[in-house]
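Close look at the chain arrangement
Residues per chain are reported as follows:
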Amino acid sequence: DAKTTQPTSMDCAEGRAANLPCNHSTISGNEYVYWYRQIHSQGPQYIIHGLKNNETNEMASLIITEDRKSSTLILPHATLRDTAVYYCIVRPYSGNTPLVFGKGTRLSVIA
Amino acid sequence: EPEVTQTPSHQVTQMGQEVILRCVPISNHLYFYWYRQILGQKVEFLVSFYNNEISEKSEIFDDQFSVERPDGSNFTLKIRSTKLEDSAMYFCASQGLLTSYEQYFGPGTRLTVT
């Protein structure tokens, strides 16, 4: 079973920042937080990952709390194309451990 | 940008028939995976493959399933005798060795068993 808890759905106005929360209170010291998204029935798309420091790339920012028990994915300027299901996954940073997907958060970006 | 490709995009088969789903992972990747997603449900792990052998498999991956990398580039999933409940999207993913262990997914094959 997934080790994360996410809200079922969220709405965001186009052009505004989308902040997607995730709880992972049982995260272990060797586990990273990964975010993926799935647009309609396409293959999941990697967004970002982090251990304990905040991370930013061209797609998003990841804010991880100091105790590592929760994190927030930030899409700074959401567009209609960001409408998708977003998955927060904790996973050991080693080898070929499979991803364990939960139900994720369905983000709807509204014009 | 390199990407994972999968063929066919849609496969329709009759119950009891064998199907082979094909994937071409990103060329320098070394870890390969199959996942499936039944309509309206979560993405589920099936099997992982490294160094020409199965690394890990889930309870779903029973004797009806097999994987192989026949020619060093393709990665295939075979279902020997399909059942109605095998109808799903099947996603292939690959992962590099020296990158940050993120997995890159293909667009999927929609398998419909009638």
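Going by the structure above, here's the rest.
Overview of the structure. Every chain is numbered on its own, with residues counted from 1 as its sequence reads. By the order in which they are written, chains take letters starting at A while ligands take numbers starting at 1. In keeping with the model being predicted, local features are shown solely for residues with a pLDDT of at least 70 and side-chain atom pairs are shown and tallied solely at 80 or more, while totals for entire chains, interfaces and linings include all residues. Just so you know, side-chain values use all the structure's heavy atoms and leave hydrogens and water out.

**Observations regarding the state of the cysteines**
Our working definition of a disulfide is a cysteine sulfur pair at a distance within 2.5 Å. Considering all chains together, one arrives at 2 disulfides over all chains under this definition. Covalent S-S linkage joins A:Cys22 and A:Cys88, the inter-sulfur distance amounting to 2.1 Å. Between A:Cys22 and A:Cys88 the disulfide shows an S-S torsion of about -80°. By sign, it is left-handed. Of this pair, A:Cys22 sits in strand β2 (residues 18-23) while A:Cys88 sits in strand β8 (residues 84-92), placing them 66 residues apart in sequence. Burial status follows relative accessibility: with a 1.4 Å probe on protein chains alone, a residue under 20% of its type maximum counts as buried, one over 50% as exposed, and anything between as partly exposed. We classify A:Cys88 as buried; its relative accessible area is 2%. Disulfide pairing is shown between B:Cys23 and B:Cys92; the S-S distance is 1.9 Å. Taking the torsion about the S-S bond as the criterion, the B:Cys23 to B:Cys92 disulfide, at about -60°, is left-handed. In this pair, B:Cys23 is assigned in strand β3 (residues 19-24) and B:Cys92 in strand β9 (residues 88-95), connecting sequence segments 69 residues apart. Among the residues examined, B:Cys92 registers a relative accessible area of 0% and is labelled buried. Its sulfur unpaired, A:Cys12 is 18 Å from the next cysteine sulfur, which belongs to A:Cys22. With relative accessibility at 8%, the residue A:Cys12 sits in the buried group. In this text, helices come from DSSP runs of H or I with a minimum length of four residues, and strands from runs of E with a minimum of two, each type numbered from the N-terminal end.

**Some points on the packing of aromatic side chains**
Within a pair of aromatic rings, the relevant descriptors are the distance that separates the centres and the angle that separates the planes. Ring pairs are drawn from Phe, Tyr and Trp, using the six-membered ring of Trp, whenever the two centres fall within 6.5 Å, and their geometry is named by plane angle: stacked under 30 degrees, edge-to-face over 60, tilted for the rest. For the structure on display, the rule yields 15 aromatic pairs over all chains. Each member of the aromatic cluster is reached from another via a ring pair, and the members are A:Tyr36, A:Tyr46, A:Tyr87, A:Phe101, B:Tyr33, B:Tyr35, B:Phe45, B:Tyr104 and B:Phe105. A cation sits over an aromatic face here: A:Arg91 above A:Tyr34, 5.4 Å from the ring centre. Lysine and arginine charges are scored as sitting over a ring when NZ or CZ, respectively, is within 6 Å of the ring centre and within 35 degrees of the ring normal.

**Looking at the pairing of strand β11 (residues 109-113) of chain B**
Residue and element names in this part refer to chain B. Because side chains alternate across β11, one face comprises the buried residues Thr 109, Leu 111 and Val 113, and the other comprises Arg 110 and Thr 112, none of which is buried. In this sheet, β11 lies alongside β9 in antiparallel orientation, the contact comprising 3 bridges. Bridging across to β11, Tyr 90 finds its partner in Thr 109. A pair of strands is considered paired only if DSSP assigns at least 2 bridges between the two.

**Section: the layout of surface pockets**
Computed from the structure, the largest pocket encloses a volume of approximately 630 Å³. What lines the largest pocket is a set of 26 residues, and nearest its centre among them are A:Val85, A:Tyr87, A:Lys103, A:Arg106 and B:Gln41. Broken down by secondary-structure element, the contributors of at least two residues to the lining of the largest pocket are β8 and β9 (105-110) of chain A. Take the lining of the largest pocket: its biggest share by element is 3 residues, from β8(A). When grouped by side-chain class, the residues that make up the lining of the largest pocket number 8 nonpolar, 14 polar and 4 charged. Within this scheme a cavity is a closed region of a 1 Å grid, computed over the protein atoms alone, that accommodates a 1.4 Å probe without allowing it to escape, whereas a pocket is open but has protein on both sides within 12 Å along at least five of seven lines; lining residues each have an atom within 4 Å of a point. Grid points are joined across faces, edges and corners, and a volume is the space filled by probe spheres set on the points. Roughly 520 Å³ of internal volume is contained in the second largest pocket. Forming the walls of the second largest pocket are 23 residues, and the residues nearest its centre are A:Pro44, A:Gln45, B:Glu1, B:Tyr104 and B:Phe105. Of all the secondary structure elements, the ones that give two or more residues to the lining of the second largest pocket are β4 (45-50) of chain A together with β1 (5-7) and β10 (103-105) of chain B. Each residue belonging to the lining of the second largest pocket can be placed in one class, and the counts come to 11 nonpolar, 8 polar and 4 charged. For this classification, the nonpolar set comprises Ala, Val, Leu, Ile, Met, Phe, Trp, Tyr, Cys and Pro, the charged set comprises Asp, Glu, Lys and Arg, and every other residue, Gly included, is treated as polar.

**What about the nonpolar core?**
Residue types Ala, Val, Leu, Ile, Met, Phe, Trp, Tyr and Cys, when buried and joined through side-chain atoms within 4.5 Å, form a set referred to as a nonpolar core. B:Trp34, B:Leu46, B:Phe61, B:Val67, B:Phe75, B:Leu77 and B:Tyr90 are the most contacted members of the largest nonpolar core, which has 22 residues in total. It only takes one pair of heavy atoms within 4.5 Å for two residues to be counted as in contact. Once residues lying within four places of it in the same chain are set aside, the contact partners of B:Leu77 are B:Val19, B:Ile20, B:Leu21, B:Trp34, B:Leu46, B:Phe61, B:Phe65, B:Ser66, B:Val67 and B:Tyr90. Core analysis: the second largest hydrophobic core is formed by 21 residues, A:Cys12, A:Ala18, A:Val33 and A:Val90 among them.

Everything listed here is a matter of coordinates, which is why it stays silent on function.
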